[in-house]
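# Architecture at a glance
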Amino acid sequence: MEITKALCRIVPLAAGAGLLILVIGTAPAYLSLIDLTKGKEIYGDACAACHGDDGRGKVADLATEVPPPDLTSCDFNTSEADRDWMRVVSGGGVAAGRSESMPSFRDSLTEEDIKHVVVYLRTFCTEDWPRGELNFSRPLVTEKAYPENEALLTWNTGRTPSREHQTTLAAIIEKPVGARGQVELKIPVSLRDPDKRGTLGGIGDLEVSGKYVLYHDLKRLFIASAGAELKLPTGSLRRALGEGTTILAPFLAAGKGWGDFVVQSSLQFEYPFVEQRAPKTALYNLAFSYPVVNRGEGTEGQLFLEFNGKSEWGKRDAKHFQLYLTPGFRQSLTASGNWAAAIGAQLPVSPVHEAQYRVLGYILFELPP
Ligand code: HEC
């Protein structure tokens, strides 16, 4: 019990610290060289025939199976990490699940040459967009800071202390807006089996949200965002599929990498419009991740460990502090890394908790830019 109490104190602090430590340390996960003149020269010799001198890929009479991308479009140019582009240039399109119209340069360019040219490719985008290196893998609970372009299915099933099973499946769409913004829609479906009454199910509370990148720094591998969620009382209150009140939930999210070791954290407050219906809630999340399978490849697999804290107040049955530990695993399913799945288990650490366990998972698909 003493240990749990201590943990209950440490974890919100750690989550706060997670948001703050971030400025320390740099990591060599992107290319900072280099010789742009050399890069331009290589580009002119080896790439411009297909990608065009201006990078737009509009070359007359080019007969490739798929057209080359427009490298001047920043949403395309910034979405992939240097590591991924080096893999494409070295191994050709097929090495990253793309078309073989993009040839392999492994035999004609040295690794240094490839670095020069990849850095040169980045100059085609002339606006300040957060780069793909900062698109850290999505944890199971902790909010991400990076603006996403994804469709997801999430799954969360658990047992309450009163032995009721609860499952929520949700479809989520996230679309970037401009260089730093993102909007999101979440449609949940909930299922419950209250004692001896058969299973109840239906649509839960819809959520719309937006976020904005406040700060991003590629050199320090750090990104921070602020956003707000609006939960609408679309779920039936009578059948306990929804909270029965609109809830406004502003949040902060940050991510920091030290090479491949990544810490992400989020802090969120939920303010119900009708205070008798739902408690005011604070959610603190901290997630650690590290790749353990196929590191640096499109098919990377990562271990996650999350600390998920929650405090409620304002309502008579508010649970003061709950803490869960959530180990999980995430695997990219394709060479291009645009399909991924994750699974994990959420286990209560605090004496007070609303779930004896939960099993969580997601499948995500990165939408084309
Ligand atoms: C024979 C034509 C051709 C040449 C030469 C060529 N490319 Fe490409 N490249 C393509 C095509 C076509 C695609 C689109 C592939 C796809 O989307 O499946 C592409 C895609 C790419 C991509 C984007 C990969 C992604 O993540 O979607 C990069 C980066 C790239 N090329 C870099 C280069 C560089 C650097 C060179 C020169 C060293 C080069 N290309 C030479 C045709 C070419």
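This structure is a prediction, so every number in the text was calculated from the model and none was measured. (Residues numbered from 1 in each chain as written. Predicted model: local features only at pLDDT ≥ 70, side-chain atom pairs only at ≥ 80, totals over all residues.)

Below, the discussion takes up unusual backbone geometry. In the Ramachandran plot, R163 falls in the positive-phi region, its phi being about 70° despite a non-glycine side chain. Along the polypeptide, R163 turns up in the loop between strand 1 (150-159) and strand 2 (165-177). At A240, a position not held by glycine, the phi torsion is positive, near 55°. Positionally, A240 belongs in the loop between strand 6 (222-231) and strand 7 (247-258). (Helix = DSSP H or I, 4+ residues; strand = E, 2+ residues; numbered from the N terminus.)

Now for the packing of helix 2 (residues 36-46) against helix 6 (residues 111-122). In the contact formed by helix 2 and helix 6, the axes pass within 8 Å of each other and the chain directions differ by 95°. On the basis of their axis angle, the class for helix 2 and helix 6 is roughly perpendicular. When helix 2 is examined against helix 6, the residues L36, K38, G39, K40, I42 and Y43 are found in contact with a partner set consisting of D113, H116, V117, V119 and Y120. Its residues assigned to classes, the contact of helix 2 with helix 6 shows six nonpolar, two polar and three charged. (Axes fitted to C-alpha atoms, helices over the stretch in contact; angles between N-to-C directions. Parallel < 35°, antiparallel > 145°, perpendicular 65-115°, else oblique. Contact = placed C-beta atoms within 7 Å. Nonpolar A, V, L, I, M, F, W, Y, C, P; charged D, E, K, R; others polar.)

The local shell around the ligand holds 22 residues, among which C47, C50, R98, S99 and M102 are the closest. Here the shell around the ligand is built from residues that sort into 15 nonpolar, five polar and two charged. (Near = placed C-beta within 6 Å.)

Before going further, it helps to spend a moment on the packing of helix 5 (residues 82-91) against helix 6. Running from amino to carboxyl end, helix 5 crosses helix 6 at an angle of 120°, the nearest separation of the two axes being 10 Å. When the axes of helix 5 and helix 6 are compared, the pair comes out oblique. Classified by chirality, the crossing of helix 6 by helix 5 is right-handed. Touching D82, W85, M86, V89 and S90 of helix 5 are I114, V117, V118 and L121, all from helix 6. Here the residues of the contact of helix 5 with helix 6 are counted per class, giving seven nonpolar, one polar and one charged. (Left-handed = near helix turned anticlockwise from the far one by under 90°.)

Attention now moves to the domain arrangement of the protein. Here the domain parsing of the protein yields domain 1 (2-26 + 131-366) and domain 2 (36-122). Facing 10 residues of domain 1, the contacting portion of domain 2 comprises 10 residues. For the side of domain 1 that touches domain 2, the residue count by class is three nonpolar, five polar and two charged. (Domains from an automatic or database assignment.)

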